[in-house]
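Below are the chains, spelled out letter by letter.
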Amino acid sequence: PFWPRPPARGAHCPIPAANPRSAQTCFDAMAPKFDANETKIVTLRQYGGEQAPSSVLAPKVGPLGMSPKKVGDDIVKGTSTWKGIRVTVRLTIQNRAAKVDVEPNATSLVIKQLKE
């Protein structure tokens, strides 16, 4: 064949199997499943009052079991006072519910004061 042969069974896995004849692979020892009660914090920079593209939100909130569209709607509601100004948004995710906190930096505070 044109491609190299795969390594011998168990050679690619750094975790030794208790029984060499068992069907355990390296994938059996991967990270545990997501705990729903655990609190995760996701930060991103976004223009206030605007819907973030799903392509940006999906890799960040998808593995946590959340819909990017629903999170985007929550961000729009939470950043409505910062319309058109780029701010840092902190999402605190617990029990598949996102809480939106805006963390303005110095630049966004100056722009907001100049617009008034």
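Note that the structure is a prediction, hence the values are computed from the model and not measured.

**Regarding the pattern of salt bridges**
For step 1, the next point in the chain: Applying the stated criterion across every chain yields a total of five salt bridges.
For step 2, the next point in the chain: Between Glu-103 and Arg-90 there is a salt bridge; the shortest N-O distance is 3.0 Å. Of this pair, Glu-103 sits in strand E3 (residues 97-103) while Arg-90 sits in strand E2 (residues 86-94), placing them 13 residues apart in sequence.
For step 3, the next point in the chain: Look at Glu-103 and you get partly exposed, because its relative accessible area is 30%.
For step 4, the next point in the chain: One network of salt bridges, with partners in common, ties together Arg-90, Lys-99, Asp-101 and Glu-103.

**Considering the pairing of E2**
Note on strand geometry: in a regular strand, side chains alternate between the two faces of the sheet.
For step 1, the next point in the chain: One ladder, built from eight bridges, connects strand E1 (residues 40-47) with E2; its direction is antiparallel. Residue pairing for E2: Leu-44 is matched across the bridge by Val-89.
For step 2, the next point in the chain: In terms of strand pairing, E2 meets E3 through seven bridges, oriented antiparallel. Residue pairing in the sheet places Thr-92 in a bridge with Lys-99 of E3.
For step 3, the next point in the chain: Between E2 and the antiparallel strand that follows it, E3, lie two residues; Asn-95 among them carries a positive phi value of about 55 degrees.

About the thresholds
- Residues numbered from 1 in each chain as written.
- Predicted model: local features only at pLDDT ≥ 70, side-chain atom pairs only at ≥ 80, totals over all residues.
- Heavy atoms only, no water.
- Salt bridge = Lys/Arg side-chain N within 4 Å of Asp/Glu carboxyl O.
- Helix = DSSP H or I, 4+ residues; strand = E, 2+ residues; numbered from the N terminus.
- Buried < 20%, exposed > 50% of the residue type's maximum accessible area, 1.4 Å probe, protein only.
- Pairing = 2+ DSSP bridges.

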